[in-house]
Amino acid sequence: MKINSLVVHQFLKARSLRRTKTDKADSLAMANYLMSVPYIPNSRVLYHINSLKSLCRTRELLIKERSKFAVLLTNELDKSFPEIKAFFNNTLSTTLLFILEKYKNAYHISLMKDYDSLRKVSHGRFTYAKFVKLKELAKNSVGYYDDNSDLLISTYISIYNDFNNQIDPIDKQISTIIKELNPPTLSIPGIGVISCASIISEFGDISKFSNPNQMLSFAGLEPSIIESGTMSSKGKMVKRGSGYLRYSLSGSLITNLILFVGSALVIYNAITRIISPTEIKYDGMIVFAVVGVIVNLCAAFFTHGEGSLNQKAVNLHMLEDVLGWVVVLIGAVIMKFTDFAIIDPIMSIGVALFILINAIKNLKETTDVFLEKAPHNIDINKIKEDIINIDT
């Protein structure tokens with residue numbers, strides 16, 4: 001049971017006017033306070049929170065340091081035996097570490113004969129066919145190695161294994177604590193022992209969160225809750241804000257840039273065809289144009305509607321496709337019966353200009369959001385006047 005020292009102090013002041021502070025008075029005050037409130041025992045998780053937090057954070061620190069030497073090891077392998085990484089699916093498996101620790105370079109690996117040791121280390125997963133293939137790869141390797149590279153590989157593997165030897169006992173201790181607690185979090189599909197321990201140690205008492213959004217906010221993932229995770233609010237961005245919002249705006253920006261560049265290229269090609277006309281196959285254009293109009297009309301219908309800037313960019317892209325195919329159809333029919341070939345590039349320029357103007361407008365809206373400008377439908381001066389006119 002937790003004892004709040006401030007509450008006990010206020011309790012003592014309420015019972016007596018005496019201000020003398022002694023151990024005897026404090027002990028008596030705490031005893032009286034405990035007898036005046038209902039006894040609520042702490043959960044078993046409380047006694048393990050600090051231990052789990054220390055273990056999980058130490059484990060995370062060791063893994064980060066181990067990763068640095070894993071990168072150094074793979075970089076050295078890229079020079080001495082680059083083919084071996086792909087052979088082991090770009091993972092530092094126990095079998096790979098055993099081979100490198102024992103043989104060090106491609107030349108010695110090409111001469112290895114001890115298959116039984118590899119089979120035992122891999123628990124039978126490293127077959128004899130793989131053994132032969134690895135020797136062949138080592139024999140034909142394009143890598144370069146010398147005594148220095150052998151020394152570095154041995155050093156990196158030794159340090160990597162030392163980190164593993166430090167991490168394994170921590171993992172076992174975490175597993176022991178979690179199995180003793182048997183928390184409900186462990187029953188969630190996809191949540192293992194280590195993940196469960198990290199969640200419990202960082203969140204602590206989950207009952208202090210009234211809804212899932214507050215838990216997301218506490219982790220820095222929810223933009224509608226303030227960072228402390230204890231109070232709801234609108235318009236607040238925790239830490240760096242929501243990645244989904246950034247990705248949506250980035251998608252709108254990229255889509256509009258593609259439309260901008262695409263329209264410019266269409267105009268350039270149309271001008272080129274006006275200067276140097278080329279032969280056009282009208283019948284094929286008509287068939288493809290009819291199919292294109294039908295398909296893109298369906299797509300434009302399903303994506304039509306007001307929405308985010310990203311949605312507007314997609315709608316504009318669909319409209320470009322529909323108009324493009326309509327122009328192709330009209331132009332093909334006119335050119336088939338009038339032989340007026342210049343109409344095709346002229347209509348292409350018209351559609352491209354229409355799309356280009358709208359893309360620039362949408363691009364400006366997206367840029368305004370990135371620059372954190374006020375929305376276009378909000379009059380800042382009007383807001384200032386309303387604030388000034390408020391009665392104080």
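Conventions used here
Residues numbered from 1 in each chain as written. Predicted model: local features only at pLDDT ≥ 70, side-chain atom pairs only at ≥ 80, totals over all residues. Heavy atoms only, no water. Helix = DSSP H or I, 4+ residues; strand = E, 2+ residues; numbered from the N terminus. Buried < 20%, exposed > 50% of the residue type's maximum accessible area, 1.4 Å probe, protein only. Contact = heavy atoms within 4.5 Å. Areas by Shrake-Rupley, 256 points an atom, 1.4 Å probe, with all protein chains shown as cover. Patch = residues over 30% accessible without salt bridge, like charges linked within 9 Å, V, L, I, M, F, W, Y side chains within 5 Å. Salt bridge = Lys/Arg side-chain N within 4 Å of Asp/Glu carboxyl O. Phe/Tyr/Trp six-rings, centres within 6.5 Å; stacked < 30°, edge-to-face > 60°. pLDDT = per-residue confidence, 0-100. Disulfide = S-S within 2.5 Å. Lys, Arg positive; Asp, Glu negative; His and termini not counted. Core = buried A, V, L, I, M, F, W, Y, C linked by side-chain atoms within 4.5 Å. Axes fitted to C-alpha atoms, helices over the stretch in contact; angles between N-to-C directions. Parallel < 35°, antiparallel > 145°, perpendicular 65-115°, else oblique. Left-handed = near helix turned anticlockwise from the far one by under 90°. Nonpolar A, V, L, I, M, F, W, Y, C, P; charged D, E, K, R; others polar. Expected span 1.5 Å × (residues − 1). Polar contact = N/O pair within 3.5 Å; in protein donor to acceptor, adjacent residues only side chain to side chain.

## Remarks on the overall build of the protein chain
Piece 1. Scanning the protein chain for helices and strands turns up 16 helices and zero strands.
Piece 2. Within the protein chain, the proportion of its 392 residues that are buried is 31%.
Piece 3. The contacts of the protein chain with a sequence gap of at least 6 include a subset with a gap of at least 24, amounting to 62%.
Piece 4. Total accessible area on the protein chain is roughly 25,700 Å²; 62% of this is exposed by carbon and sulfur atoms.

## Regarding helix 10 (residues 193–203)
Piece 1. Listing the buried residues of helix 10 in full gives Cys196, Ala197, Ile200, Ser201 and Phe203.
Piece 2. Once helix 10 ends, the next one or two residues include Gly204, with phi positive near 70°.

## Looking at a nonpolar patch on the surface
Piece 1. Nonpolar side chains collect at one region of the surface, where Ile271, Ile274, Ile275, Phe340, Ile342 and Ile346 lie side by side and expose about 530 Å² of accessible area between them.
Piece 2. When residues of the nonpolar patch are assigned to their parent elements, the largest contribution, three residues, is made by helix 12 (residues 243–275).
Piece 3. Mapped onto the elements of the fold, Ile271 is located in helix 12.
Piece 4. With relative accessibility at 41%, the residue Ile271 sits in the partly exposed group.

## Observations concerning the packing of aromatic side chains
Piece 1. Counting across every chain of the model gives seven aromatic pairs.
Piece 2. Where Tyr115 meets Tyr128, the ring centres are 5.3 Å apart and the plane angle is 90°; that geometry is what we call edge-to-face. Taken together, the residues Tyr115 in helix 7 (residues 115–121) and Tyr128 in helix 8 (residues 128–139) connect sequence positions 13 residues apart.
Piece 3. Three or more aromatic residues link up through ring pairs in this structure, and these residues are Phe87, Phe88 and Phe126.

## Overview of the pattern of salt bridges
Piece 1. Scanning all chains against the criterion turns up five salt bridges.
Piece 2. The partner of Lys68 in a salt bridge is Glu65, with the nearest N and O atoms 3.2 Å apart. Here the residue Lys68 and the residue Glu65 both occupy positions in helix 3 (residues 49–80), the gap between them amounting to three residues, near one helical turn.
Piece 3. Owing to a relative accessible area of 26%, Glu65 belongs among the partly exposed residues under this scheme.
Piece 4. With a shortest N-O distance of 3.1 Å, Lys102 and Asp114 are connected by a salt bridge. Separated by 12 residues along the polypeptide, Lys102 in helix 5 (residues 94–103) and Asp114 in the loop between helix 6 (106–110) and helix 7 bring together distant segments of the chain.
Piece 5. Overall, the relative accessible area of 40% leaves Lys102 in the partly exposed class.
Piece 6. Among the residues examined, Asp114 registers a relative accessible area of 27% and is labelled partly exposed.

## Points about unusual backbone geometry
Piece 1. Look at His123: it is not a glycine, yet its phi comes out positive at around 55°.
Piece 2. Note that His123 resides in the loop between helix 7 and helix 8.
Piece 3. Notably, Asn182 is not glycine yet its phi reads approximately 50°, a positive angle.
Piece 4. Of note, Asn182 is situated in the loop between helix 9 (147–181) and helix 10.
Piece 5. Residue Asn182 is classed as exposed on the basis of its relative accessible area of 57%.

## Side note on the confidence of the model for the protein chain
Note that predicted coordinates carrying low pLDDT should not be read in detail.
Piece 1. Averaged over the protein chain, the pLDDT score is 76; the fraction of residues at 70 or greater is 67%.
Piece 2. Per-residue pLDDT, averaged within each element of the protein chain, yields its smallest value for helix 1 (residues 5–15) (61) and its largest for helix 9 (92).
Piece 3. Across residues 225–245, confidence stays below pLDDT 50; counting only partners more than four residues off in sequence or on other chains, it has 42 contacts.

## Side note on the state of the cysteines
Piece 1. Applying the stated rule across the entire model yields zero disulfides.
Piece 2. No disulfide involves Cys56; its sulfur sits 9.3 Å from that of Cys196, the nearest cysteine.

## Thoughts on the side chain of Asp150
Piece 1. Relative to the helices and strands, Asp150 resides in helix 9.
Piece 2. One buried charged residue, Asp150, forms no salt bridge at all, with the nearest opposite charge on Lys104 at 7.2 Å.

## Here's the deal with the nonpolar core
Piece 1. Ile84, Phe88, Ile109, Phe126 and Leu134 are the most contacted members of the largest nonpolar core, which has 25 residues in total.
Piece 2. For this core, the elements supplying multiple residues, two or more each, are helix 3, helix 4 (83–87), helix 5, helix 6, helix 7, helix 8 and helix 9.
Piece 3. With near-sequence residues (within four places) excluded, Ile109 lies in contact with Phe81, Ile84, Ile99, Tyr103, Leu134, Lys135 and Ala138.
Piece 4. Counting 16 residues, the second largest nonpolar core, distinct from the first, contains Leu62, Ile63, Ile170 and Ile178.

## Some remarks on the packing of helix 3 against helix 10
Piece 1. Orientation of helix 3 relative to helix 10, taken along the N-to-C sense of each, is 125°, at an axis distance of 8 Å. One finds that helix 3 runs oblique with respect to helix 10. In terms of crossing hand, the pair formed by helix 3 and helix 10 is left-handed. Side by side, helix 3 and helix 10 meet where Ile49, Leu52, Lys53, Cys56, Arg57 and Arg59 of the first sit next to Ile194, Ala197, Ser198, Ile200, Ser201 and Glu202 of the second.
Piece 2. Considered class by class, the residues forming the contact of helix 3 with helix 10 number six nonpolar, two polar and four charged.

## Points about helix 9
Piece 1. Helix length check: helix 9 (35 residues) gives 51 Å between terminal C-alpha atoms against 51 Å at 1.5 Å per residue, within 8%.
Piece 2. Measuring from the backbone nitrogen of Asn148 back to the side-chain oxygen at the start of helix 9 gives 3.1 Å, which picks out Asp146 as the cap.
Piece 3. Looking at the residues trailing helix 9, positive phi occurs at Asn182, about 50°.

## A word on the environment of Ile49
Piece 1. By the secondary structure assignment, Ile49 is in helix 3.
Piece 2. The exposure class of Ile49 is buried, given its relative accessible area of 11%.
Piece 3. Note: C-alpha distance between Ile49 and Phe203 (154 residues apart in sequence) is 9.2 Å.
Piece 4. The contacts of Ile49, once residues within four sequence positions are left out, are Ile200, Ser201 and Gly204.

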